[in-house]
Amino acid sequence: MARRKALVIYGSNSGNTKMVAEWIGEALQKRYETTVADVTHLDPHAIDAPDILIFGANTWLTDIGVGLTEGQLPSQWFRFAELLRAGADLQGKPVAVFSLGRHEYSNFCASADHLIALLRDINGTLLGKPLRVDGFPEHQKKVVTDWVAGTFSEKRAASSVRK
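Residues numbered from 1 in each chain as written. Predicted model: local features only at pLDDT ≥ 70, side-chain atom pairs only at ≥ 80, totals over all residues. Heavy atoms only, no water.

K.L.:
Just checking my understanding: could you explain unusual backbone geometry for this structure?
P.N.:
Glycine aside, the phi torsion of most residues is negative, and most peptide linkages are trans. In the Ramachandran plot, Gln 91 falls in the positive-phi region, its phi being about 50° despite a non-glycine side chain. The topology assignment puts Gln 91 in the loop between α2 (75–87) and β6 (94–101). Looking at Gln 91, the relative accessible area reads 66%, which means it is exposed. In this structure, Cys 109 is a non-glycine residue whose phi angle is positive, near 50°. Mapped onto the fold, Cys 109 is located in the loop between β6 and α3 (111–121). (Helix = DSSP H or I, 4+ residues; strand = E, 2+ residues; numbered from the N terminus. Buried < 20%, exposed > 50% of the residue type's maximum accessible area, 1.4 Å probe, protein only.)

K.L.:
Honestly, the packing of aromatic side chains in this entry has me stumped. Any pointers?
P.N.:
The relation between two aromatic rings is expressed through the spacing of the ring centres and the mutual angle of the planes. On inspection of all chains with the given rule, the structure shows four aromatic pairs. On the basis of an interplanar angle of 80° and a centroid distance of 5.7 Å, the ring pair of Trp 77 and Phe 80 is categorised as edge-to-face. Separated by three residues within a single helix, Trp 77 and Phe 80 lie in helix α2, roughly one turn from each other. A relative accessible area of 0% places Trp 77 in the buried class. For Phe 80, a relative accessible area of 0% corresponds to the buried category. An aromatic cluster of three or more residues is present, and its members are Tyr 32, Trp 147 and Phe 152. (Phe/Tyr/Trp six-rings, centres within 6.5 Å; stacked < 30°, edge-to-face > 60°.)

K.L.:
What should I look at first to understand the side chain of Asn 58 in this one?
P.N.:
One can find Asn 58 in strand β3 (residues 52–58). Looking at Asn 58, the relative accessible area reads 9%, which means it is buried. Look past the residues within four positions of Asn 58 in its chain and what remains in contact with it is Gly 11, Ser 12, Asn 13, Thr 17, Gln 72, Leu 73, Pro 74, Leu 100 and Ser 111. (Contact = heavy atoms within 4.5 Å.)

K.L.:
It is not clear to me how the packing of α2 against α3 should be interpreted in this structure. Could you clarify?
P.N.:
Running from amino to carboxyl end, α2 crosses α3 at an angle of 20°, the nearest separation of the two axes being 10 Å. Classified by the angle between their axes, α2 and α3 sit roughly parallel to one another. As α2 runs across α3, the sense of the crossing is left-handed. Where α2 abuts α3, its residues Trp 77, Ala 81, Leu 84 and Arg 85 lie against His 114, Leu 115, Ala 117, Leu 118 and Asp 121. Of the residues in the contact of α2 with α3, the class split is six nonpolar, one polar and two charged. (Axes fitted to C-alpha atoms, helices over the stretch in contact; angles between N-to-C directions. Parallel < 35°, antiparallel > 145°, perpendicular 65-115°, else oblique. Left-handed = near helix turned anticlockwise from the far one by under 90°. Nonpolar A, V, L, I, M, F, W, Y, C, P; charged D, E, K, R; others polar.)

K.L.:
Please explain α3 as it appears in this structure.
P.N.:
Two residues of an α-helix separated by three or four positions point the same way, owing to the 3.6 residues in each turn. Among the residues making up α3, those that are buried are Ser 111, Ala 112, Leu 115, Ile 116, Leu 118 and Leu 119. Looking down the long axis of α3, one finds its buried residues gathered within 160° of arc, a one-sided arrangement. (Arc of directions from axis to C-beta.)

K.L.:
Please explain the environment of Ile 47 as it appears in this structure.
P.N.:
If you trace the backbone, Ile 47 turns up in the loop between β2 (33–38) and β3. Of the residues examined, Ile 47 reaches a relative accessible area of 0% and is grouped as buried. Sequence spacing of Ile 47 and Ile 9 is 38 residues, and the spatial spacing of their C-alpha atoms is 9.2 Å. Contacts of Ile 47, omitting those with residues within four sequence positions, involve Leu 7, Ile 9, Leu 53, Phe 80, Leu 84, Ala 88, Leu 90 and Lys 93.

Spatial relationships are all this shows, so hold off on functional conclusions.
Structure below.
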């Protein structure tokens, strides 16, 4: 029997989100054939094949046309999100979300909220609660791997199988 496939898609400006995405990918390898991909170079059709998707981003201070605004997705996610909204339909495919941010900002890890809105726009189903990593992740690998274990538990994974 072929193993189920997972795709971890991340956008990272400083490398911290990439680090967390790779940790998630490593943890998923035990049960899934896993690919970790930078959203900057990803074709939107790549989301069609995997059984489970994981969207991740840092939370950024970005000019969205009304001046600098806290709690935004990094710019590389904007292009990909536009392409997905223009034609993707996940038909209920499970999507987990992770976000990096700092609690000092008023919109702590708000990129998770933007990613959840995106997955709903393209008919994805949120799998578990989003992982929200506060500050620099170097010493938070256990938090990440615990989230993976809980979010992708046998029971939850079985209930997320597409019909």
